[in-house]
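Survey of secondary and tertiary structure
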Amino acid sequence: MSDYVYISIETTGLEVKEERIVEIAAQKIDSKTKLRTLFHQYFNPQKEIDASTSGIINLTNSFLKECPIINEQIDIFLEFIKGCDLIMRNKPFVMKFLDKELHLVKKILTSNKTIDAQDLARVRFPNEINSLDFLFRALNLEKNITKTCLHEVILLPLLVEKIQDHDIHQIN
């Protein structure tokens, strides 16, 4: 049984060709011991982000300019996720951005199995939009914190467990 890594990213925008990852948060759960470890890093996107994006992601240009660029930390991230099944919300978005960033540094994601929490939610709630707000309300989970990458990756295992209504490590 593989370990699981829950991943969340934040970007400078929605268009993969033009935008960059500015934050990666990942939480690894050991399948045997249930021990949890975190990877969390902000990145300098090497471009200015506009005020509306800055307001959405709660990160400023002045803060991000002081952060490392992604290629300085990508090997640490790849080692963290090595051999693990990856679980994320909105898999197409996350994987397009990860693939782009890896391509830029001539790296590839190894044969990690990827699971979209949105797909799991669609099975449980087939006629719903399945936004984070909806899922928290439908599953009677308290969501009284600001949405950030780090918060999402900490809450995602609980959300997946509740969506499946059984232990998260029964994912196939």
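Look a little higher up for the structure.
All of the points below concern the structure found in this document. As the structure is a prediction and not an experimental result, all values here were calculated from the model.

**Let's talk about the overall build of the protein chain**
- What the protein chain contains, in helices and strands, is 7 helices and 5 strands.
- When its helices and strands are written in sequence order, the protein chain yields β-β-β-α-α-α-β-α-β-α-α-α.
- The globule rule puts the C-alpha radius of gyration for 172 residues at 16 Å, and the 16 Å found for the protein chain is close to it.
- Dimensions of the protein chain, computed from the C-alpha atoms along their principal axes, are close to 45 × 35 × 25 Å.
- Counting the 172 residues in the protein chain, one finds 49% classified as buried.
- Long-range contacts, defined as pairs at least 24 residues apart, comprise 64% of the intrachain contacts of the protein chain with a sequence gap of at least 6.
- Positive and negative side-chain charges in the protein chain, numbering 22 and 25 respectively, have mean positions lying 3 Å apart.

**Some details on the environment of Asn-44**
- Tracing the backbone through its elements, the reader meets Asn-44 in the loop between strand S3 (36-42) and helix H1 (51-57).
- Taking relative accessible area as the criterion, Asn-44 reaches 17% and is therefore assigned buried.
- In sequence terms Asn-44 and Asn-61 are 17 residues apart; their C-alpha atoms lie 8.5 Å from each other.
- Apart from the residues lying within four places of it in its own chain, the contact partners of Asn-44 are Leu-64, Lys-65, Cys-67, Pro-68 and Ile-69.
- A distance of 2.7 Å separates a polar side-chain atom of Asn-44 from the backbone nitrogen of Gln-46.
- Only 3.4 Å separates the side chain of Asn-44 from the backbone oxygen of Lys-65, close enough to count as a polar contact.

Here is what the cut-offs are and how they apply
- Residues numbered from 1 in each chain as written.
- Predicted model: local features only at pLDDT ≥ 70, side-chain atom pairs only at ≥ 80, totals over all residues.
- Heavy atoms only, no water.
- Helix = DSSP H or I, 4+ residues; strand = E, 2+ residues; numbered from the N terminus.
- Rg over C-alpha atoms; globule rule 2.2 N^0.38 Å.
- Buried < 20%, exposed > 50% of the residue type's maximum accessible area, 1.4 Å probe, protein only.
- Contact = heavy atoms within 4.5 Å.
- Lys, Arg positive; Asp, Glu negative; His and termini not counted.
- Charge placed at Lys NZ, Arg CZ, Asp CG, Glu CD.
- Polar contact = N/O pair within 3.5 Å; in protein donor to acceptor, adjacent residues only side chain to side chain.

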